[in-house]
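The primary structure of each chain is shown beneath.
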Amino acid sequence: MTGSTDTLFASNLASVDAAEAMVVESAADLGFDEDARMDLGLAIREAMVNAVAHGNAYSPDKQVRLLLAVGTGSIRVTIIDQGEGFDLNQVPDPTRGENLLRESGRGLLLMQAFVDEFSVKRSAQGGAEVVLVKYASETGR
Amino acid sequence: MSARFTTRQVGDVTVIDAVGRITLGEGSALLRETVKNLVVAGNRKLLMNLGDVSYIDSSGVGELVYSYTTVTSQQGQFKLLNLNKRVEDLLQLTKLYTVFEVHDDETRAVRSFS
């Protein structure tokens, strides 16, 4: 099953759950095993939280756009917010000793760890555009 | 399934049995409230049993850190019990294994509190 969808989500926590469920369902349809589905779901969840909470600051006037492209053996998800974007190089490393006891700041680390390809840039509108790609098997790595 | 936290006493150690998903929102807020209330009530030896936690996100990890810092700042101890593979992997990835004392046997875990 291949194809693509373009979905707009409100900037709230219900959208995080809905986006995660939508992508995980597509992964199941594509035959991803349970571990791969959970990995992808967690990465989507972290990217959506980033977009909803940090990018759009829960603004009712802003939305999160999710582009889902299902290929043969892979899923590519692009999540775009309407915030101000960020520079990945400026994000503190949460695994450094001085940051270990911070309560937040681990989302990007988890996103990168649980998908096979990860990138972030500023979208044409200025917000953050995060791309996450997961392959159905380790052969994609 | 959202998170649920129940507490029980084993000697002077308070065991928190967590069930479900600890994620941003209800699950993480409930964990914070549970730990805060226990500390306010004077409990200083907390053992968090994560054996029935199916899923945890970065916010859930952050709440474990909050729990640890809240308890240790009151000269208490906060330890983890029964991590499943996914939670264990998360703690390895975030290097929080170097922070938390982790046990896989409740009796030994309870005895480890000074």
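Thresholds applied
Residues numbered from 1 in each chain as written. Chains lettered and ligands numbered in written order. Predicted model: local features only at pLDDT ≥ 70, side-chain atom pairs only at ≥ 80, totals over all residues. Helix = DSSP H or I, 4+ residues; strand = E, 2+ residues; numbered from the N terminus. Rg over C-alpha atoms; globule rule 2.2 N^0.38 Å. Buried ≥ 20, exposed ≤ 12 C-beta atoms within 10 Å, placed from the backbone. Contact = placed C-beta atoms within 7 Å. Core = buried A, V, L, I, M, F, W, Y, C linked by C-beta atoms within 7 Å. Pairing = 2+ DSSP bridges. Axes fitted to C-alpha atoms, helices over the stretch in contact; angles between N-to-C directions. Nonpolar A, V, L, I, M, F, W, Y, C, P; charged D, E, K, R; others polar. Left-handed = near helix turned anticlockwise from the far one by under 90°. Expected span 1.5 Å × (residues − 1). Parallel < 35°, antiparallel > 145°, perpendicular 65-115°, else oblique.

1. Observations regarding the overall build of chain B
Counting secondary structure elements, chain B contains 4 helices and 5 strands. Reading the secondary structure of chain B in the N-to-C direction produces β-β-α-β-α-β-α-β-α. Relative to the 2.2 N^0.38 estimate, which gives 13 Å for 114 residues, the radius of gyration of chain B is 13 Å and therefore close to what a compact globule would have. Overall, the C-alpha framework of chain B stretches about 30 × 25 × 25 Å when taken along its three principal axes. The 114 residues of chain B split such that 40% are buried. For chain B, the share of sequence-separated contacts (at least 6 apart) that also reach a separation of at least 24 residues comes to 69%.

2. Comments concerning the nonpolar core
With 35 residues, the main nonpolar core has A:Leu40, A:Ala43, A:Ile44, A:Ala47, A:Met48 and A:Ile79 as its most contacted residues. Of all the elements in the fold, those that place two or more residues in this core are helix H1 (13-29), helix H2 (34-55), strand E2 (63-70), strand E3 (74-80), helix H3 (107-114) and strand E5 (128-135) of chain A. Top element by residues in this core is H2(A). It accounts for 11 residues. Sequence-distant contacts of A:Ala47, that is, excluding residues within four places in its chain, are made with A:Ile79, A:Met111, A:Val130 and A:Leu132. Core analysis: the second largest hydrophobic core is formed by 29 residues, B:Ala18, B:Leu50, B:Tyr66 and B:Val71 among them.

3. Concerning the sheet that holds E2(A)
Residue and element names in this part refer to chain A. The 5 strands lie next to each other as E1-E2-E3-E5-E4, forming an open sheet whose pairing is antiparallel. Because the sheet does not close on itself, it has two edges, and the strands there are strand E1 (3-10) and strand E4 (117-122). Strand-to-strand twist in this sheet, taken as the mean axis angle between neighbours without regard to direction, amounts to 15 degrees. Direction of pairing for E4 relative to E5: antiparallel, over a ladder of 6 bridges. For Lys121, the partnering residue across the bridge sits in E5 and is Glu129. Here H1 sits on the sheet in contact with E1, E2 and E3, set at roughly 5 degrees to E2.

4. A word on the sheet that holds strand E5 (residues 101-103) of chain B
Backbone-to-backbone hydrogen bonds pair the strands of a sheet. The strands run either parallel or antiparallel. Residue and element names in this part refer to chain B. Spatially, the 5 strands line up as an open sheet ordered E1-E2-E3-E4-E5, and their pairing is mixed. The open sheet has two edge strands, strand E1 (4-10) and E5, and neither has a second partner. With strand direction ignored, the average angle separating the axes of adjacent strands in the sheet is 25 degrees. The pairing of strand E4 (residues 77-81) with E5 spans 3 bridges and is parallel. Bridging from a neighbouring strand, Leu81 pairs with His103 of E5.

5. Quick look at the interface of chain A and chain B
Contacts between chain A and chain B engage 17 residues on the former and 15 residues on the latter. Elements with a contribution of two residues or more to the side of chain A that touches chain B: H2 and H3 of chain A. The dominant element in the side of chain A that touches chain B, judged by the number of residues it contributes, is H2(A), at 5 residues. The residue makeup of the side of chain A that touches chain B, split by class, is 10 nonpolar, 3 polar and 4 charged.

6. Points about the packing of H2(A) against H3(A)
Residue and element names in this part refer to chain A. Running from amino to carboxyl end, H2 crosses H3 at an angle of 145 degrees, the nearest separation of the two axes being 8 Å. Considering the relative orientation of H2 and H3, their crossing is left-handed. Seen from H2, the contacting residues are Asp39, Leu40, Leu42, Ala43, Glu46, Ala47, Val49 and Asn50; seen from H3, they are Gly107, Leu110, Met111 and Phe114. Of the residues that constitute the contact of H2 with H3, the class distribution is 8 nonpolar, 2 polar and 2 charged.

7. Section: helix H2 (residues 58-72) of chain B
In this model, H2(B) (15 residues) spans 21 Å end to end at C-alpha, consistent with the 21 Å of a helix rising 1.5 Å per residue. Counting buried positions along H2(B) yields 12 of 15 residues, so the element is predominantly enclosed.

8. Concerning the environment of A:Ala10
Following the sequence through the fold, A:Ala10 ends up in strand E1. On the basis of neighbour count, A:Ala10 is assigned to the partly exposed category, with 16 C-beta atoms found within 10 Å.

9. Observations concerning the packing of H1(A) against H2(A)
All names here are of chain A. At a minimum axis separation of 9 Å, H1 and H2 run at an interaxial angle of 150 degrees. The orientation of H1 with respect to H2, classified from their angle, is roughly antiparallel. Handedness of the H1/H2 crossing: right-handed. Taking contact as the criterion, the partners of Ser15, Val16, Ala19, Glu20, Val23, Val24, Ala27 and Ala28 in H1 are, on H2, Ala36, Arg37, Leu40, Gly41, Ile44, Arg45, Met48, Val49 and Val52. In terms of residue class, the contact of H1 with H2 is made up of 12 nonpolar, 2 polar and 3 charged.

So far we have only geometry, and geometry alone does not tell us how the molecule works.
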